[in-house]
Amino acid sequence: MKVLFIEPNIDGYALMPTMSLAIMKGFINEKTKHKAKIVDLIFHKKDWEDYLSKIISKEKPDLIGLSVLSFNYTQAIKIAKLIKKNFDVKIIFGGVHCILSSKEVIKNEEVDIICIGEGEEVLKELLDKKLNCKGIEGIWYKKDDKVIKNGQRNLIEDLDYLPFPEWDDFDLERYFLISNNHLPIMASRGCPYRCTYCSNHALKKELKGKYVRFRGVDNLMEEIKLRVNQYHKKGMKYLFFYDDTF
């Protein structure tokens, strides 16, 4: 099956490409029999409707996924409306906003499925089952106008199991011009603290399993060497550690 990921930034700005989508693409392409592609709309704000429609028509995905944070939630809904108006395809929303505001997100008629935790294994199982949502932990979905709330899935403990992010669908050379030549990298997931101004204290309550996890040093060094070889000549000068706590 084919899944198309969308970065729903059509109104704001972005300094770096979206790491979550790059990780998901790498996972689907390397750990499953399915194929994934990313559509980044940040440089197509004026023609995003035509640009996205042409890609969907060409790729003919079985599933479209949008990475949703609170600041781009309304943009994601706008994009989903356009897709549903013109294409017969299932739409899944994932991201922090979906985890913390699940009831709000699933109410939208354009949203068929939401991921309520980490998405890698969820998406693999969903695609393996040809979008049959029954019994898949980590999602809510709609069936016969009812919302089915499946249970939470355990977080991935071994981060070294995850492939490296795939950045090739992003126009990195243009990003380097506006990001002071940074590329994001992540050495851990989760945060041990409970700052009230941050979403981590709320995420800990919703998610299941070990919350703070770290990649191995060798695994991290391998990715650093890879990025230098891939992108230094294209303008990358720094790696930005995207961890909640460095």
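Quick summary incoming for the structure in this document. None of these values were measured; they are calculated from a predicted model.

1. Structural notes on the pairing of strand 6 (residues 139-143)
As judged from the three bridges shared by strand 5 (residues 113-115) and strand 6, these two strands associate in the antiparallel manner. Each bridged residue has a counterpart across the sheet, and for Cys115 the counterpart in strand 6 is Ile139. In sequence, strand 6 turns back onto strand 7 (residues 146-149) through a hairpin of two residues, with Asp144 there showing a positive phi of about 55°.

2. Digging into the pairing of strand 4 (residues 90-94)
Counting buried residues in strand 4 gives four out of five residues, a clear majority hidden from the surface. Relative to strand 4, strand 3 (residues 63-67) runs parallel, the two being bridged by five bridges. In the strand pairing of strand 4, Ile64 is matched with Ile91. Once you follow strand 3 into helix 3 (residues 73-86) and on to strand 4, the crossover reads as right-handed.

3. A short note on the sheet that holds strand 4
Hydrogen bonds along the backbone pair up the strands of a sheet, which may run parallel or antiparallel. Ordered by their spatial adjacency, seven strands build an open sheet running 2-1-3-4-5-6-7, and the pairing between neighbours is mixed. Edge positions in the open sheet fall to strand 2 (35-40) and strand 7, since each of these has one partner strand only. In this sheet, neighbouring strand axes are inclined to one another by 20° on average, regardless of whether the strands run parallel or antiparallel. Here two bridges tie strand 4 to strand 5, and the two strands are oriented parallel to one another. By the bridge assignment, Phe93 is partnered in strand 5 with Ile114. Lying over the sheet, helix 3 contacts strand 1 (2-7), strand 3 and strand 4, oriented at roughly 170° with respect to strand 4.

The rules we used
- Residues numbered from 1 in each chain as written.
- Predicted model: local features only at pLDDT ≥ 70, side-chain atom pairs only at ≥ 80, totals over all residues.
- Heavy atoms only, no water.
- Pairing = 2+ DSSP bridges.
- Helix = DSSP H or I, 4+ residues; strand = E, 2+ residues; numbered from the N terminus.
- Buried < 20%, exposed > 50% of the residue type's maximum accessible area, 1.4 Å probe, protein only.
- Right-handed = clockwise from strand over helix to strand, strands pointing away.
- Axes fitted to C-alpha atoms, helices over the stretch in contact; angles between N-to-C directions.
- Contact = heavy atoms within 4.5 Å.

Purely geometric stuff here, so don't read any function into it on its own.
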